[in-house]
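Understanding the architecture of this molecule
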Amino acid sequence: MSHDNDKRHRLLGRLGRQLACTAPVLVLAAAGVSLQATMENESSDSGPSTLSLFLSSAHAEAQGEVEGEAQAEAEAEAQSEGEAEGEAEGEGEGEAEGEAEAAKADSREAVKRPEGYTPVYSEDGANDASLLAQGEALYYDDSLSSNGLACASCHGSDGEDVGYQATFEQPFPHRVAMADSRFGMPEVHADEMVQVCMVAPMEAEPLGWGSEALTSLAAYMVEVQRRFAGESHDL
Ligand code: HEC
C-alpha cells in the first residue's frame, strides 16, 4: 500500500472516531473504506463543524509534508479532540498559522477564476440541454478523481441531492463553508465550487478553465442548485 493510502486511512480512521456520536448525513465509500461524515447545522455556534474538523485534519496532513509530519499530526489530533484553541496557542503556533495562510492562498490560485477568464455557461439563465447532459454524465464519472470517487458518490444519484448544506439554496455566487475554511474564499461561483470539490474531496487536479468538462459540470450544478432550492429547473 502506498504512503498516500496509509495517510488517507489514518485520516479516515480519525474522522470515523470523531463522528461516533453524530447523526450521519453523508456516506462516503472509497477503496473499501466506508465512513460517515456529518455536517452540523451551519447556523449553530457550538464550535467548528465536523466538516471543518475534517478539512483542517486534511489540511494538517498536507502541511505535514512541509512542516514535518509529527507536528501536523499533533495539531490534527488536538483539533479533533476539541481542544484546539487552548493547546494550539500554548504551543506557539504563530509560525504554523502563517504558513497555513500562505498554503491556503496557494491552493486558492487553483480554484479561483483566473484573470481574463469569461465563463461560457450561465448562472442566472438557462443552459443548453446538451451541456446539462454532458455535465450530468461527468457527475457520475469516477475517473475525474484520483481516489475512485465521483461527484455522485457524495452528492447522491438520481436527484437525491445529498451532502449539500443550506447555503446551496441560494443562487451562485454564495458562501460555502468548505471554500471559505479551506481556500479562504468568502463566496464562490458554480465553476469555482466544482474546482474546490475537484481539488479537495476528489483529490484531483483542477479542470481547465473554459474546458467542456468544467463548463458542463458548472452548468449542471446551477440546475441542481435550482432543484435543491425547490425552484423550476431543466433536469
Ligand atoms: C468526498 C465527498 C465529495 C465529493 C466526491 C464531491 N463533493 Fe461536493 N461537496 C462535498 C461537501 C462535504 C460539500 C459541502 C461543503 C460545505 O457546505 O461546506 C460539498 C459542496 C459542494 C457544492 C456546493 C454546495 C453549496 O452549498 O453551494 C457543490 C456545487 C459541489 N459540492 C459539487 C461537487 C461536484 C461537481 C463534485 C464532483 C466534481 C463534487 N462536489 C464532489 C463533498 C464532496
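Residues numbered from 1 in each chain as written. Predicted model: local features only at pLDDT ≥ 70, side-chain atom pairs only at ≥ 80, totals over all residues. Heavy atoms only, no water.

Per an unreviewed UniProt entry, the chain carries the name Cytochrome c domain-containing protein and comes from Halomonas marinisediminis.

The next point concerns the coordination of the iron atom of the ligand. Around the iron atom of the ligand, the donor atoms from the protein are His155 (NE2) and Cys197 (SG), and they sit 2.0 to 2.3 Å away. Each of the six donor atoms bound to the iron atom of the ligand contributes to angles spanning 88 to 179°, and the resulting shape is octahedral. Of the two residues, histidine 155 sits in helix 7 (residues 151–155) while cysteine 197 sits in helix 9 (residues 190–199), which places them 42 residues apart along the sequence. With a relative accessible area of 14%, histidine 155 lands in the buried category. What makes cysteine 197 buried here is its relative accessible area of 18%. (Donors = N, O, S within 2.8 Å, 3.2 Å for Na, K, Ca; no water. Tetrahedral: all angles 85-135°; square planar, octahedral: opposite > 155°, others 65-115°. Helix = DSSP H or I, 4+ residues; strand = E, 2+ residues; numbered from the N terminus. Buried < 20%, exposed > 50% of the residue type's maximum accessible area, 1.4 Å probe, protein only.)

Turning our attention to the site of the ligand. Near the ligand you find 23 residues, and of these Cys151, Cys154, His155, His174 and Cys197 are the closest. Between an oxygen atom of the ligand and a main-chain N or O atom of methionine 178, the distance comes to 2.7 Å. At the level of secondary structure, the elements contributing two or more residues to the shell around the ligand comprise helix 7, helix 8 (177–183) and helix 9. Of the residues in the shell around the ligand, the class split is 18 nonpolar, five polar and no charged. (Near = heavy atom within 4 Å. Polar contact = N/O pair within 3.5 Å; in protein donor to acceptor, adjacent residues only side chain to side chain. Nonpolar A, V, L, I, M, F, W, Y, C, P; charged D, E, K, R; others polar.)

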